[in-house]
Amino acid sequence: MPWILIDLLLVLIALASLGLLGFRLFRQVKALSRTVTTAGETVARATDQLAVAQSSGPLAAAGPGGARPDVTGRSPSGQR
């Protein structure tokens, strides 16, 4: 009979440990989710700022592939 109580106690300790580990893991994943969300918003803002800068910057009049005629030495028609 005492073996059954010892086994039951061991099972309860194991389940409590697993529950505690699961809860800690859940909290860590939740914190990581907040960090990833913040990073995603930062990347989205930076992407928007880059798009605005590219559309209004010195490369706005660039030809195909982003090469400007004054840098490549070629005219827009492809002749030198």
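Notes on the structure in this doc start here. Source: prediction; values computed, not measured.

Definitions and limits used
Residues numbered from 1 in each chain as written. Predicted model: local features only at pLDDT ≥ 70, side-chain atom pairs only at ≥ 80, totals over all residues. Heavy atoms only, no water. Helix = DSSP H or I, 4+ residues; strand = E, 2+ residues; numbered from the N terminus. Buried < 20%, exposed > 50% of the residue type's maximum accessible area, 1.4 Å probe, protein only. Areas by Shrake-Rupley, 256 points an atom, 1.4 Å probe, with all protein chains shown as cover. Patch = residues over 30% accessible without salt bridge, like charges linked within 9 Å, V, L, I, M, F, W, Y side chains within 5 Å. Salt bridge = Lys/Arg side-chain N within 4 Å of Asp/Glu carboxyl O.

### Focus on the overall build of the chain
Now for step 1: Helices and strands together make up the secondary structure of the chain, namely two helices and zero strands.
Now for step 2: Across the 80 residues in the chain, those meeting the buried criterion constitute 0%.
Now for step 3: When the accessible area of the chain is evaluated, it comes to approximately 7100 Å², of which 69% is carbon and sulfur surface.

### Observations regarding a nonpolar patch on the surface
Now for step 1: Residues Leu5, Leu8, Val11, Leu12, Leu15, Leu18 and Leu21 make up a contiguous nonpolar surface patch of roughly 710 Å² in combined accessible area.
Now for step 2: By secondary structure assignment, the location of Leu18 is in helix 1 (residues 2–56).

Just distances and angles here, no functional claims.
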